[in-house]
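If you want the building blocks of each chain, they are given just below.
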Amino acid sequence: MKMDAYGCIAWSGQEISRFELPWEGEAPAKDAIAVSGPTVESDKSRYLKETRGVAPGEVLDVKVEDGLLKIEVQPFNTRADYAITVAGQTYEKADITMHTRTMDDKFARIEEGRVMYRLYTPEAKGPRPMILFLHGGGNGGYEGERDNEKHIRTDYGPVNFAEDYPDLYVMAPMCVEARRDMRKMNMNRSFASSDMNNVPGYGWSRDYLGLVCDIIRRMVAEGKVDGKRIYVTGMSMGGAGTIRAMSVGSDLFAACVPVCPTMTPETFAILKTMNRPVWVTSAYIDHTLYRHKYLVDAVMNLRDIGNNNAHLTLFSPEDLEKYDVAITPDLPYPRLFSENHASWIPTYKNEYGIMSWLLNQTKED
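Being a predicted model, the structure only gives us computed values, none of them experimental. (Residues numbered from 1 in each chain as written. Predicted model: local features only at pLDDT ≥ 70, side-chain atom pairs only at ≥ 80, totals over all residues. Heavy atoms only, no water.)

J.: Looking at this model, I keep getting lost on the sheet that holds strand S2 (residues 13-22). Mind explaining?
T.: Within a sheet, adjacent strands bond to each other through the backbone by hydrogen bonds, running parallel or antiparallel. The strand order S4-S5-S2-S1-S8 describes an open sheet built from five strands, whose pairing is mixed. With partners counted over all chains shown, the strands left at the sheet margins are strand S4 (59-65) and strand S8 (96-100), one partner each. Taking the axes of each pair of neighbouring strands and ignoring which way they run, one obtains an average angle of 25° across the sheet. Bridge analysis of strand S1 (residues 3-10) against S8 gives five bridges, and the strand direction is parallel. Note that in S8 the partner of Tyr6 across the bridge is His99. (Pairing = 2+ DSSP bridges. Helix = DSSP H or I, 4+ residues; strand = E, 2+ residues; numbered from the N terminus. Axes fitted to C-alpha atoms, helices over the stretch in contact; angles between N-to-C directions.)

Pasting the structure below:
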């Protein structure tokens, strides 16, 4: 028997908050239901249970209504495998159909040539602003394996933009990635050799970004998108793509927010000479240990050459803890650096007014 699950795109990506199952008779007791899997059995879950009394995946309420057993749980992430056991019957991830608020019914699946993307269209008529979102590394697809879903299901950003700013277009393309071990790449690559990460034709390459920009230009020509209020943002690999997009589409974007962008000689050269409004964000340290030196140097150079609308925020441990990032005590440094990478959470939650700033920028030329 299949089960349905309902949730949203939360800070950690897709999360489940409710299960539903056809049911006859009385509801089972809460202690006859349990969610299992890496997410709910983690050190962080145990820490949340100890400090707050409730942990991800914990059963909160059980009831039978209209022939359905409805199981409310503390929201938990679905990236890893999970299972739920109900009165002795176990349902694996493959047995569960996921329904994700806003993503499923408001983001059209579109393919135009090589470009595969999801698009949220506002109800408001007339030319509307647009946010272009570029996903992070590992959340795209490989040759012949793009599903036009993974990138908006795993990254906090585009679905939440549609919910927070429903009067804007939100465009979220998926790129084709080269197969590689990103953990080893991030920890061991030096800045001088970091351009070796770029595989021609893969990731947020200039040719692929050019095709994305052409689609946006067409939407401007059709009177759908306001040509003076187009913004681009992305995280990690998508942060580097954001910087690159400001070069590829220099006539197109009013402003950008690169989040923890991958810094290479190429992206550093573009960023330090950018003449558009830019607000770069990152954590105080993350898994690319040299990132911050080049972010600071680039933004300082922009200010020196007269770009007074260039900003940099390095989120402190306290900033990140507000959003439950890296809160587990005594994390080993590799895990701390990895968890700190999630600086998109405070950025897209409008910490320091970053998103408000972005959407208030207008391209005058």
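J.: Just to check I follow, could you spell out the environment of Asp226 for this structure?
T.: Within the secondary structure layout, Asp226 lies in strand S13 (residues 225-235). Sequence spacing of Asp226 and Leu168 is 58 residues, and the spatial spacing of their C-alpha atoms is 9.6 Å. Sequence-distant contacts of Asp226, that is, excluding residues within four places in its chain, are made with Pro127, Arg128 and Pro129. At a separation of 3.0 Å, a polar atom in the side chain of Asp226 contacts the main-chain amide nitrogen of Lys228. (Contact = heavy atoms within 4.5 Å. Polar contact = N/O pair within 3.5 Å; in protein donor to acceptor, adjacent residues only side chain to side chain.)

J.: Please clarify how the packing of helix H6 (residues 206-221) against helix H7 (residues 237-248) should be interpreted in this entry.
T.: Relative orientation and spacing of two packed helices are given, respectively, by the angle between their axes and the distance between those axes. In contact at an axis separation of 10 Å, H6 and H7 are set at 65° when each is read in the N-to-C sense. With respect to H7, the element H6 is oriented roughly perpendicular. Crossing of H6 over H7 shows right-handed handedness. Packed against H6, whose contacting residues are Arg206, Leu209, Gly210, Cys213 and Arg217, the element H7 presents Gly241, Arg244, Ala245, Ser247 and Val248 at the interface. When grouped by side-chain class, the residues that make up the contact of H6 with H7 number four nonpolar, three polar and three charged. (Parallel < 35°, antiparallel > 145°, perpendicular 65-115°, else oblique. Left-handed = near helix turned anticlockwise from the far one by under 90°. Nonpolar A, V, L, I, M, F, W, Y, C, P; charged D, E, K, R; others polar.)

J.: In this structure, what is going on with the sheet that holds strand S11 (residues 128-134)? I would like to understand it.
T.: Here we have eight strands laid out as an open sheet, ordered S9-S10-S12-S11-S13-S14-S15-S16, and mixed in their pairing. The strands lining the two open edges of the sheet, one partner per strand, are strand S9 (107-112) and strand S16 (310-315). Put simply, the sheet's adjacent strands are angled 20° from each other on average, direction ignored. Of the strand pairs in this sheet, strand S14 (residues 255-259) and strand S15 (residues 278-283) are connected by two bridges, and their pairing is parallel. Of the residues in S15, the one forming a bridge with Val259 is Thr281.

J.: What am I meant to see in the pattern of salt bridges here?
T.: A full pass over the atoms with the stated rule returns 22 salt bridges. Glu163 is paired through a salt bridge with Arg101; the nearest N and O atoms lie 3.0 Å apart. Taken as a pair, Glu163 in helix H4 (residues 158-164) and Arg101 in the loop between S8 and helix H2 (103-106) lie far apart in primary sequence, 62 residues in all. (Salt bridge = Lys/Arg side-chain N within 4 Å of Asp/Glu carboxyl O.)

J.: How do you make sense of helix H11 (residues 333-340) when you look at a structure like this?
T.: For the α-helix, the turn length of 3.6 residues means that residues three or four positions removed from each other point alike. Within the span of H11, buried status applies to Leu336, Phe337 and Asn340. Viewed end-on, H11 has its buried residues packed into an arc of 95°, placing them on one side of the element. Lining the buried residues of H11 we find S15 and helix H10 (317-321). (Buried < 20%, exposed > 50% of the residue type's maximum accessible area, 1.4 Å probe, protein only. Arc of directions from axis to C-beta.)

J.: What should I look at first to understand the layout of surface pockets in this one?
T.: For the largest pocket, the calculated volume is near 1700 Å³. Residue lining of the largest pocket: 46 residues in total, with Ser12, Arg79, Ser338, Glu339 and Ala342 positioned closest to the centre. Mapped by element, the contributors of at least two residues to the lining of the largest pocket are helix H1 (43-52), strand S5 (68-77), helix H5 (182-188), H11 and helix H12 (344-348). Residue contributions to the lining of the largest pocket peak at five residues, all from H1. For the lining of the largest pocket, the residue count by class is 20 nonpolar, 16 polar and 10 charged. (1 Å grid on protein atoms, 1.4 Å probe; cavity = no way out; pocket = protein on both sides within 12 Å on 5 of 7 lines; lining within 4 Å. Points joined across faces, edges and corners; volume = space filled by probe spheres on them.)

J.: Help me understand unusual backbone geometry, please; the structure alone is not making it clear to me.
T.: Note: most peptide bonds trans; most residues except glycine with negative phi. The residue Ala326 is not glycine, and still its phi comes out positive at about 55°. Following the sequence through the fold, Ala326 ends up in the loop between H10 and H11. Although it is not a glycine, Asp330 adopts a positive phi angle of roughly 55°. Positionally, Asp330 belongs in the loop between H10 and H11.

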